[in-house]
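# Survey of secondary and tertiary structure
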Amino acid sequence: MYTLVSLLAITFAFLALVSPSSAATADQWRSRSIYQVIIDRYALPQGADPTKCDTADRTWCGGTWNTLRENLDYIQNAGFTAGRCLPFFPIFFFGSLLNPPKVWISPVSQNYQGSTTPYGDPYHGYWIADATQLNDHFGTSDDLKALSDELHRRGMYLMVDVVVNDVMATSTDPDLSTYMFKNSSQYHPYCVIDWNNNTSIERCWLGDTVVPLPDINTEDPTVVSGFGDWIESLVKDYNIDGLRIDAAKHVNMDFWPVFCARAGVFCIGEVFGSDPVEAASFQGPNGLDSVLHYPMYNSLVDAFTIPGPLNTTAVSDMMAQSKALFKDTGVLGNFLENQDVPRWHNISVDPQSLYNAMVFNFMSDGIPIVYYGQEQYSNGNADPYNRAPLWPSGYANTTAYQLVTTLNKFRNFLTQNSTWLYSSANVLATTEYGIAIMKGDVVSIMTNIGSPPQNVSIPVYTPFQTETDLVNITTSSILTCAHWVVGSNGTIEVEYTLGGQPVVLIPSSELPGSGFCGFSSSSTGSSKYVSGASSAHAHSSWFTYSLAIGLIGVFLW
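Since the structure is predicted, the reported quantities are computational estimates derived from the model, not experimental observations.

### Digging into the nonpolar core
Among the nonpolar cores identified, the biggest contains 127 residues, and Ile105, Phe227, Trp230, Leu243, Phe259 and Phe410 are the most heavily contacted of them. Counting 13 residues, the second largest nonpolar core, distinct from the first, contains Met438, Val460, Leu470 and Val503.

And the structure:
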């Protein structure tokens, strides 16, 4: 919210339990992953000039609900037919037939329609004017319905980003007749936020005197009922399956249960900040279903960015705090990038730092989120440069793209097992070189050493019996199925010949139905993420998994 931008996110869900027209619950959302994009920057209409979008101009580049609808194949399975602006890669992207993608789009409401401001135009969708009217820059009501219909025809869900905290103005004394709420009593008086005072955070205005954001009085009963009527109608009219709530902490807490009950769908809110106590206070029956996990984002930055403090203890500590504070860590939103923070590739020069942090977000508790362009190594810093158009990348089949594909396919398989889905991730080891976690039967080992090889190791105690056969799914073993066999005293050795690649290990006995390593599945696709990780105890036999305390020695050569 703090740097206002429209979002679009793609999420993946196991649909056997839910029909496309059903409202998805928080419990059903935990099996999904999210791909977030800015609608205006995702895809152009056919024939548009791809060189005419200058990010620094902060204006519209041409993306619409129709251009999204016309280019869903890239998101769903990376397929593309002749005549469109996207390339064809014969692999699945962000999902499988069991967990097809779901779409989360930026606010659909009418935005400021005046002359260009010193901060540009509202291409992002967050400068709300009248929430009850649609944003005609992105299309018509029929266009939005067509997008929703096409998503559901493909077995995909629609999530919409909503703003209820404020509207946009060009002065601190705006003409209220242009807004949904037209009486002065329905707004808080202008004041500058005191960030040390919670009442001030809720009632004073975001923005500044150049582009102020008048704060709506969400304690007013007419506002509460008005917003309730609007969101209930919006969800019904456009068959919406979930909501992302902008600037959630700037609204009085007791507003959210009423609003989300009227919506009748999953609500995940933005609580910007590093304090897990504050973030956790917004999750639960007296608040929202979930929040974006900003505290963990900050911990991942501390642990993995190069250069950086490389403090892996920040992650293990945040995992412990999260378990103690949050009502349900399984539905928190895990992310490395969004429109309000720098691109990862801007703050970390080594791509392996991105891959390891991505593995954590997919293999730990929570709903993984990938911001559009993250898989293309976009490198913008602050607004507007972290919102560059996607099309100059050529939608390339990068290593990051392939790794996300692998992680999604693997996670989609894992979410069919309630043991993995509902288990809590535990820390197995934390050293200065990395962290190992276990969720269900899956062990994930992330390192912060970067690409250059180093002669260091991470000892990890795990519940594996001697001769348990493990498979690493994040490397080329998805094609070769290289095995890591637990040796005497429950030890295995993972050697890194090309530096610090992430490793995700699962007993081979758990792979039937996965589509990996020769086992059939209900989806197809492959990945080619290249890693130097190899086992010092490669073995062709497969053994039965059983519980016992073992030791994994991970060696980074």
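### Topic: helix 10 (residues 313–325)
Between its first and last C-alpha atoms helix 10 spans 18 Å; for 13 residues at 1.5 Å apiece the expected length is 18 Å, and the two agree. Close packing links the buried residues of helix 10 with helix 8 (276–280), helix 9 (294–304), helix 12 (351–363), strand 12 (426–431) and strand 13 (434–439).

### Digging into helix 12
The α-helix winds at 3.6 residues per turn, so residues separated by three or four positions along the chain end up facing the same way. With 13 residues, helix 12 should reach 18 Å at 1.5 Å per residue; the first-to-last C-alpha distance of 19 Å fits that figure. Burial runs high along helix 12: 12 of the 13 residues are buried. For helix 12, the full list of buried residues reads Gln352, Ser353, Leu354, Tyr355, Asn356, Ala357, Met358, Val359, Phe360, Asn361, Phe362 and Met363. The backbone nitrogen of Gln352 lies 2.8 Å from a side-chain oxygen of the residue at the head of helix 12, namely Asp350.

### Some thoughts on the side chain of His483
Here His483 shows up in strand 17 (residues 483–485). The exposure class assigned to His483 is buried, which follows from its relative accessible area of 9%. In terms of polar contacts, His483 uses its side chain to reach the side chain of Asp469, at 2.6 Å.

### So, the environment of Arg30
If you trace the backbone, Arg30 turns up in the loop between helix 1 (26–29) and strand 2 (34–37). Residues Arg30 and Gly366 lie 336 residues apart in sequence; the distance between their C-alpha atoms is 6.7 Å. The contacts of Arg30, once residues within four sequence positions are left out, are Asp328, Gly330, Val331, Ile367, Arg411, Leu421 and Tyr422. Among the polar contacts made by the side chain of Arg30, one reaches the side chain of Asp328 at a distance of 2.5 Å.

### Some remarks on unusual backbone geometry
Cis geometry marks the peptide bond from Ile306 to Pro307, where omega comes out at 0°. Inspection of the secondary structure puts Pro307 in the loop between helix 9 and helix 10. At the junction of Asp383 and Pro384, the peptide bond is cis and its omega measures out at 10° in the coordinates. Of note, Pro384 is situated in the loop between strand 11 (367–371) and helix 13 (399–414). Of note in this structure, Arg58 is not a glycine but carries a positive phi near 55°. For Arg58, the position within the fold is in the loop between strand 2 and helix 2 (65–70). For Arg58, a relative accessible area of 23% gives the class partly exposed. Backbone geometry places Ala247, a non-glycine residue, at a positive phi of 50°. Structurally, the position occupied by Ala247 is in the loop between strand 7 (242–245) and helix 7 (255–263). Look at Ala247 and you get buried, because its relative accessible area is 1%.

### Here we look at the sheet that holds strand 17
Read across the open sheet, the 6 strands follow the order 12-13-14-19-16-17; overall the sheet is antiparallel. Pairing within the sheet leaves two strands with one partner each, and these edge strands are strand 12 and strand 17. For this sheet the average axis-to-axis angle between neighbouring strands, irrespective of direction, equals 25°.

### Focus: the side chain of Ser31
Looking at where Ser31 falls in the secondary structure, it is placed in the loop between helix 1 and strand 2. Of note is the side chain of Ser31, whose polar atom sits 3.1 Å from the backbone oxygen of Gln28.

Procedures and definitions
- Numbers given to residues run from 1 along each chain, matching the order in which its sequence is written.
- Under the rules for a predicted model, residues below a pLDDT of 70 receive no local features and side-chain atom pairs below 80 are neither given nor counted, while totals for whole chains, interfaces and linings still include all residues.
- Neither water nor hydrogens contribute to the side-chain values; these are computed over all heavy atoms in the structure.
- Only buried residues count toward a nonpolar core. Its members are Ala, Val, Leu, Ile, Met, Phe, Trp, Tyr and Cys residues joined through side-chain atoms within 4.5 Å.
- For the exposure calls, accessible area comes from a 1.4 Å probe over protein chains only, and a residue counts as buried if that area is under 20% of its type's maximum, exposed if over 50%, partly exposed in between.
- Each helix is a run of H or I in the DSSP string that is no shorter than four residues. Each strand is a run of E no shorter than two, and both are numbered from the N terminus.
- The span expected for a helix works out to 1.5 Å for each residue beyond the first.
- Residue contacts are defined here by distance: any two heavy atoms, one from each residue, within 4.5 Å place the two residues in contact.
- Think of a polar contact as two N or O atoms within 3.5 Å of one another; within protein, one of them needs to be a possible hydrogen donor and the other a possible acceptor, and neighboring residues in sequence only count if both atoms come from side chains.
- Strand pairing requires that DSSP identify at least two bridges connecting the strands.
- Note on definitions: angles span 0 to 180 degrees between N-to-C directions of axes, and those axes are lines fitted to C-alpha atoms, for helices only across the stretch in contact.

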